[in-house]
Amino acid sequence: MFGRLLQSLVLLVIVSIIGFVVLNLIPGGPLAQYALDPGMTQDDRIRIAAQLGLDRPLWVQYLDWASGMLQGDWGTSFRDGNPVLTVIGRHVYATLLLMGSATVIAVSIGTWIGIRGATHRYSSFDYVATVGAMIALSIPTFWFGLIGIYVFSLRLGWFPAGNMYTIGDASVMNYLHHLIMPSVVLALVHIAIWSRFMRAATLDAISQEFVKTARAKGVPERRVIMKHVVGNALLPMITLAGVQLPSLLTGALVTETVFTWPGMGRLFLDSLGYSDYPVVMGLLMFSAILTIAANFVADVVVALVDPRIRLA
Amino acid sequence: MTNNPKTGSGLSRRNALGIMGASAAALLAPNLLGKPAFAQTPPDAPSGRIIVGVSQEPTVFNPLMPKIEVDDNVHFSVFDALFRITEEGVIVPNLATEVPTQENGGISEDGLQWRIRLRDDVRWHDGELFTAEDVKFTLELIVNPDFRAWRTTGHNLVRDIEVVSPTEITWRMEEPFAPYMSFLTETFIVPAHILGADDNPNEAAFNRAPIGTGAFRWGQRTAGDNLTLVANPDYFGEGPYIEELIFRYIPDMTVLFTQFQSGAIDLVGRAYITQDNYEAARNLPDRVVDLVPATSIESIYLNLERPQFKERAVREALYLALDRDSIVDVLYYGLPNQTETFMPRQSYYYHDGLPTHEFNLEKARQILDEAGWAPGSDGIRAKDGVRLSFNNSTTTGAHLREQAQQFVQQTFRDIGVEMNIENLPAAVMWGDFWGMSQFDSAMVGVTYLIAADPDVTNRFHSVAITAQGGRGSNTGQYSNPEVDALLEEGARTFDREQRREIYLRVQEIIRDDLPYLPLFAYTQVMGRKAGIEGFVPNTNTRSETWHAAGWYWA
């Protein structure tokens, strides 16, 4: 366990160095956005860069940033003027809301489709589910999003065309109304992923000896499936959940853009566009920590649930 | 312009009426004509809200710090400058009571001594009285080397600032600098009693919740989503007539237009309705869509230090080989205006008598032949070992520009010129590649004026070539001693008529020199819900909310 932890820390340091260097290698930098301002001269840009400390050698900048991180100071956003953690914090809840609801939809429907597809293999349901999943995985989310907006917002007027809430009406119902379309659109892809994985895991479990034994003992089919098959099929899904968990907090870029959802994905894109180094690095570390932690937790949970597996 | 202190802030309603009447024909789309612009009267007390859709997020709230245009939307509403500039380019008093001139003694004959008289009835949003100390503090803060100031041009010439009384301030300029008056229309005054009390103005709490004198007070910000400003009932000027002014951030242009269609936003500002959506926008029910001439000029911008472009004959031939009409009509839906100059058409200094561009491939070939640029075995011309071949760059993803590039590439090829397209991501393009003149040529939209002043020293004076050790934004490396001398004279001259003569001449020379090849002057497509009154487009400012105090729902 301690070895795994140490590995994770080394990994974080490597990620931070690579991230920092790559980010700073991109020509342009945070002041490129002022290039076409007729009043702002190259001199002005050089002066501001010096005030921001960008004229120091890269390794000095890195050490400065890293020592700040170790003391819990993630830096200050160039663009926003707020501490990086505040900036990230302001976007996390929007992402959690969207990704959380999409995940609930995806897991419940995806699991059901997967199990039903596996237990009714080669039925028309299974074929429809398979083709449906292929379509959902192949068509870009923004297309679903735009079609959704066109049909349900502009034509039918059932749902708002975007945003988290109507300004002036911050009621729960209003949030829910705004949440439905983006979370369903986002869930489409995840339903496809979950259903395919669940189908494979269920099929795997069905072929196990203990299932045959249970059936031979005369246990009703429904009970066999629910207790022996589904229970065991869900085990590998813990790992999948571990992989998907970080995205719960790091956001879905495309969906957030199409539905003007103020989440982490859009924050990342914006910050990259403005070369807002402190925020980009903050998001990178945030997502790296989450990914490493989620994988770690998933491994631990699997080991706890399945006695055959032991952590190295 | 008015000297009436009661209406000296920005614009009075009567003033705005006059401006609307005078300029409606030039500025507003035909669908607005025929109905009176101000048929209704504003409400007695602020009511309702207007949601402005913006494609970039406002994040900089200290108006003196590095900012982009969308931040100015907030600054114009929360703060005031000493002066404002109307959409006709006339400077009017705002926090000041009069515009200083040499005639009224506000500016000395030699242009060095300035005296500004201020209003005595202005209060900060926290109730403190605005005084000359605030102006002094603001001007000193901008040039404080520890402060991360936006731009310092002009301000760095100010010396010996003296507060004569709470309503009068004087200073001396290191050298006469006429454009400074325009710069002051973009210099928002900040409170000395708040920012001055902070050890580090770069990190002050004020920067996240500003306190100004403007028509709207700071409300609240939901990062990544919207920013709400609320009416300042104690505003010294006209309005405000709405309770809330809200900026909603919608990064994607297509989505922004969709939200305009669905009614989620009330007003779309500059250039946020893309040209290809103009027809669709115009046909929406209950929406008003205006075409407003913009200040930025699209051109093929040349790096004149490249040996290919040093000869005027080459630049003229390239200009002749540009099929501008097709680019404007086919690619840009016929919306932009033809132009021969960097000066915006709506400017008082615009030269309307310059030679008109002609698309003539035969003539282009002839000029190159006569200049000794002979076609090589591959059909590309060369002279003295220099091939007439160069790169053209723009930001990746700008699909209309990319199409225009391909089109230009073909017509250039027809006269024996090779233009290779090499596009770069915005972050790369606008770094040293642009700033330090590392490009051959670029397809860009450039704004040449600062705050609508005709002075273009930054873009065309030889001392502004950063790549040659200068200070400025002359990235095309244009150098002409006559233009240099004229620009210096223009900056020293305060008389409007005299300045006009100078800048007309500058335009003539530059049209002849062709340091860049103009393609067109941009037109902005602005849209709003029917029922929003008091909206006056003003491309002399960087913000469509330059006078949101006058907006109201009819």
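Sequence order as written defines the numbering, with residues in each chain counted from 1. Going through the entries in the order they are written, you letter the chains from A and number the ligands from 1. Only residues with pLDDT of at least 70 get local features here, since the model is predicted, and only at 80 or more are side-chain atom pairs given and counted; chain-wide, interface and lining totals rely on the full set of residues. With hydrogens and water stripped out, all remaining heavy atoms of the structure feed into the side-chain values.

As named in an unreviewed UniProt entry, chain B is Peptide/nickel transport system substrate-binding protein, taken from Roseicitreum antarcticum. Turning to chain B, the UniProt annotation filed under Sequence similarities (unreviewed entry) states: "Belongs to the bacterial solute-binding protein 5 family." The UniProt entry for chain B carries this comment under Subcellular location (unreviewed entry): "Periplasm". UniProt positions are given in the numbering used here, feature names are shortened, and annotations may be inferred rather than shown by experiment.

Asks: Would you take a moment to explain the overall build of chain B for this structure?
Replies: Helix and strand definitions follow DSSP, with helices as H or I runs of at least four residues and strands as E runs of at least two, each counted in order from the N terminus. Along the backbone of chain B there are 15 helices and 20 strands. Atoms counted for the radius of gyration: C-alpha only. Globule rule: 2.2 Å times residue count to the power 0.38. Here the C-alpha radius of gyration of chain B, 24 Å, is about what a compact globule of 554 residues would show, namely 24 Å. Referenced to the eigenvectors of the C-alpha coordinate spread, the extents of chain B come out at roughly 80 × 55 × 40 Å. The burial tally for chain B puts 62% of its 554 residues in the buried class. Residue contacts follow a heavy-atom distance rule, with two residues in contact if any of their heavy atoms lie within 4.5 Å. If you take every contact in chain B between residues at least 6 apart in sequence, the share linking residues at least 24 apart comes to 69%. In these tables, accessible area is a Shrake-Rupley quantity obtained with a 1.4 Å probe, and a residue counts as shielded only by the protein chains included in the view. Accessible surface, chain B as shown: approximately 19,700 Å² in total, 47% of it carbon and sulfur. Three exposure classes are used, based on accessible area relative to the maximum for each residue type with a 1.4 Å probe and protein chains only: buried under 20%, partly exposed in between, and exposed over 50%.

Asks: Just to check I follow, could you spell out the interface of chain A and chain B for this structure?
Replies: Size of an interface, as often reported, equals the accessible area lost when the parts are brought together. Listed as interface residues are 46 residues of chain A and, on the opposing side, 60 residues of chain B. The contact between chain A and chain B buries some 4,300 Å² in all, and 52% of this surface belongs to carbon and sulfur atoms. By the criterion of area lost to chain B, the three top residues of chain A are Leu 36, Pro 38 and Ile 167 of chain A, representing 16% of everything that side buries. Just to be clear on terms, a salt bridge is a Lys or Arg side-chain nitrogen sitting within 4 Å of an Asp or Glu carboxyl oxygen. For the pair chain A and chain B, the interface holds four salt bridges. Put simply, Asp 80 of chain A and Arg 221 of chain B hold a salt bridge, and the shortest N to O gap is 2.6 Å. In the analysis that follows, any N or O atom pair within 3.5 Å is treated as a polar contact, provided that within protein one partner can donate a hydrogen and the other can accept it, and provided that, for residues neighboring in sequence, both atoms belong to side chains. Inspection of the region where chain A meets chain B yields 21 residue pairs in polar contact (both at pLDDT 80 or more). Each of two parts loses accessible area, computed with a 1.4 Å probe, when they are put together; buried area is these two losses added.

Asks: What is the right way to read the pairing of strand E6 (residues 168–173) of chain B from this model?
Replies: Side chains on a regular strand alternate between the two faces of the sheet. Residue and element names in this part refer to chain B. In terms of residue burial, E6 counts as a mostly covered element, since five of its six residues are buried. Note: two strands are recorded as paired if DSSP finds a minimum of 2 bridges between them. Here strand E5 (residues 158–165) pairs with E6 via five bridges, running antiparallel. In the strand pairing of E6, Glu 162 is matched with Thr 170. Where E5 folds back on E6, the antiparallel hairpin that results is connected by two residues.

Asks: Would you explain the pairing of strand E11 (residues 287–302) of chain B in this entry?
Replies: All names here are of chain B. Taken across its 16 residues, E11 has 14 buried, putting it largely inside the fold. As defined by bridge partners, E11 adjoins strand E18 (residues 516–529) across 12 bridges and the pair is classed as antiparallel. Among the inter-strand pairings, Val 289 is bridged to a residue of E18, identified as Gly 527. In the sheet, E11 pairs with strand E17 (residues 441–447) via seven bridges, with the strands oriented antiparallel. Bridging across to E17, Ser 299 finds its partner in Val 444.

Asks: Any chance you could explain the sheet that holds E5 of chain B here in plain terms?
Replies: Through backbone hydrogen bonds, the strands of a sheet pair up, either in parallel or in antiparallel fashion. All names here are of chain B. Pairing is antiparallel across the open sheet formed by three strands, whose spatial order is E4-E6-E5. In this open sheet, the two strands that pair with only one neighbour each are strand E4 (113–117) and E5. Within the sheet, the average angular offset between the axes of one strand and its neighbour, ignoring direction, is 20°. Between N-to-C directions, angles cover 0 to 180 degrees, with each direction set by a line fitted to C-alpha atoms, over the stretch in contact for helices. In the packing of helix H3 (residues 132–142) onto the sheet, contacts are made with E5 and E6, and the angle to E5 comes to roughly 170°.

Asks: Teacher, can you tell me more about the side chain of Ser 441 of chain B here?
Replies: All names here are of chain B. Turning to its location among the elements, Ser 441 is positioned in strand E17. A distance of 2.8 Å separates a polar atom in the side chain of Ser 441 from the backbone oxygen of Asn 391. Here the side chain of Ser 441 touches Asn 392 through a polar contact of 2.8 Å, side chain to side chain. Excluding residues within four positions of it along the chain, Ser 441 makes contact with Ile 300, Tyr 301, Leu 302, Phe 309, Phe 390, Asn 391, Asn 392 and Ser 393.

Asks: I would appreciate a short explanation of the domain arrangement of chain B in the present structure.
Replies: All names here are of chain B. The domains assigned to chain B are domain 1 (13–39 + 59–212) and domain 2 (294–523). Taken together, the contact pairs 15 residues of domain 1 with 12 residues of domain 2. Here domain 1 and domain 2 share zero salt bridges between them. Residues are grouped as follows: nonpolar covers Ala, Val, Leu, Ile, Met, Phe, Trp, Tyr, Cys and Pro; charged covers Asp, Glu, Lys and Arg; every other residue, Gly included, is treated as polar. Residue composition of the side of domain 1 that touches domain 2, grouped by class: eight nonpolar, five polar and two charged. Domain ranges listed in this record stem from an automatic or a database domain assignment.

Asks: Teacher, can you tell me more about the pattern of salt bridges here?
Replies: Opposite charge on two side chains makes pairing possible when the charged atoms of those side chains draw close. All names here are of chain A. In the structure shown here, the tally under the stated rule is 42 salt bridges over all chains. Between Arg 47 and Asp 44 there is a salt bridge; the shortest N-O distance is 3.1 Å. In this pair, Arg 47 and Asp 44 both sit in helix H2 (residues 42–51), three residues apart, roughly one turn of the helix. Residues Lys 212 and Glu 209 are paired through a salt bridge, measuring 4.0 Å at the closest nitrogen-oxygen approach. You can see Lys 212 and its partner Glu 209 sitting in helix H8 (residues 209–216), three residues apart, about one turn around the helix. With a relative accessible area of 46%, Lys 212 lands in the partly exposed category. Residue classification places Glu 209 among the exposed residues on the basis of a relative accessible area of 55%.

Asks: Explain the confidence of the model for chain A to me, please; I cannot follow it from the model alone.
Replies: Should the pLDDT be low somewhere, the predicted coordinates at that spot are not to be read in detail. Averaged over chain A, the pLDDT score is 86; the fraction of residues at 70 or greater is 97%. By definition, pLDDT measures how confident the predictor is in each residue, and it falls between 0 and 100. Within chain A, no element has a lower average pLDDT than helix H9 (residues 221–250) of chain A, which sits at 77, and none a higher one than helix H3 (residues 58–70) of chain A, at 93.

Asks: Even after reading the chapter, I still don't get unusual backbone geometry, so can you show me in this structure?
Replies: The amide bond that connects Gly 239 of chain B to the next residue, Pro 240 of chain B, takes the cis arrangement and shows omega of -5°. With respect to the secondary-structure elements, Pro 240 of chain B resides in the loop between strand E8 (226–231) and strand E9 (244–249). In this structure, Thr 260 of chain A takes a positive phi of about 40° despite not being glycine. Note on placement: Thr 260 of chain A falls in the loop between helix H10 (253–258) and helix H11 (264–273). Here Thr 260 of chain A falls in the buried class, since its relative accessible area comes to 0%. Positive phi outside glycine occurs at Asp 160 of chain B, with the angle close to 50°.

Asks: Any chance you could explain the packing of aromatic side chains here in plain terms?
Replies: Two aromatic rings, taken as a pair, are described by how far apart their centres are and by the angle between their planes. Here the aromatic set is Phe, Tyr and Trp, taking the six-membered ring for Trp, and pairing holds for ring centres within 6.5 Å; pairs whose planes are under 30 degrees apart are stacked, those over 60 apart are edge-to-face, and all others are tilted. Summed over the entire model, instances satisfying the criterion amount to 39 aromatic pairs over all chains. A centroid spacing of 5.8 Å and a plane angle of 40° characterise the contact between Phe 20 of chain A and Trp 65 of chain A, whose relative ring orientation is tilted. In this pair, Phe 20 of chain A sits in helix H1 (residues 2–25) while Trp 65 of chain A sits in helix H3, placing the two residues 45 residues apart along the sequence. For Phe 20 of chain A, a relative accessible area of 7% puts it in the buried group. Classification of Trp 65 of chain A by relative accessible area gives buried; the value is 12%. On the basis of an interplanar angle of 20° and a centroid distance of 5.1 Å, the ring pair of Trp 434 of chain B and Phe 439 of chain B is categorised as stacked. In this structure Trp 434 of chain B comes out as buried when scored by relative accessible area, which is 1%. The structure contains a cluster of three or more aromatic residues connected by ring pairs, namely Tyr 301, Trp 430, Phe 433, Trp 434 and Phe 439 of chain B.

Asks: Looking at this model, I keep getting lost on helix H2 (residues 69–78) of chain B. Mind explaining?
Replies: Because each turn of an α-helix spans 3.6 residues, side chains separated by three or four positions in sequence point in the same direction. Residues and elements named next belong to chain B. Here H2 lies mainly inside the structure; nine of its 10 residues are buried. Every buried residue of H2 is listed here: Val 70, Asp 71, Asp 72, Asn 73, Val 74, His 75, Phe 76, Ser 77 and Val 78. The inward-facing, buried residues of H2 contact strand E1 (49–54), strand E2 (83–85), strand E7 (216–222), E8 and E9.

Asks: Can you walk me through the confidence of the model for chain B in this structure?
Replies: Residues and elements named next belong to chain B. On average, residues of chain B carry a pLDDT of 89, and 92% of them reach 70 or more. Note on residues 1–39: pLDDT under 50 across the span, and 71 contacts to partners over four residues away in sequence or across chains. Scoring the predicted complex yields pTM 0.85 and, for the interface, ipTM 0.83.

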